[in-house]
Amino acid sequence: MTFNREQSEVVVRAAVSAMDMLDRSLCELRGRCSDEDYAEYGRKLDAVVGELTDTVLTPIFAQHPELQPETCAQKHEDDER
């Protein structure tokens, strides 16, 4: 898969939005279902997000590193410099 920058921006926006929605769904379920169901859903979300990251986002970021969102760890490193 080789996307130009504009196409890559569309994919990255969609993927980040989807991951955010999934994360929010996990937060909303806290205390609303059994601990076992919550943990299982969390594990399954981790697998889905990992697959999306590994197969879609990582190749895009290799081609267009400027599109990779800054992480909290990166921000902290930048602040210390």
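Please refer to the structure placed before this passage.
Residues numbered from 1 in each chain as written. Predicted model: local features only at pLDDT ≥ 70, side-chain atom pairs only at ≥ 80, totals over all residues. Heavy atoms only, no water.

## Considering the overall build of the chain
A tally of helices and strands in the chain yields three helices and zero strands. Put simply, the chain runs from its N terminus to its C terminus through helices and strands in the order α-α-α. Taking all 81 residues of the chain together, 17% fall into the buried category. By sequence separation, contacts in the chain at least 24 residues apart represent 62% of the contacts at least 6 residues apart. (Helix = DSSP H or I, 4+ residues; strand = E, 2+ residues; numbered from the N terminus. Buried < 20%, exposed > 50% of the residue type's maximum accessible area, 1.4 Å probe, protein only. Contact = heavy atoms within 4.5 Å.)

## Here's the deal with the side chain of His64
Positionally, His64 belongs in the loop between helix H2 (35–63) and helix H3 (72–80). We classify His64 as buried; its relative accessible area is 12%. A polar contact is formed between the side chain of His64 and the backbone oxygen of Phe3, at a distance of 3.0 Å. Excluding its chain neighbours within four sequence positions, the residues that come into contact with His64 are Phe3, Asn4, Arg5 and Ser8. (Polar contact = N/O pair within 3.5 Å; in protein donor to acceptor, adjacent residues only side chain to side chain.)

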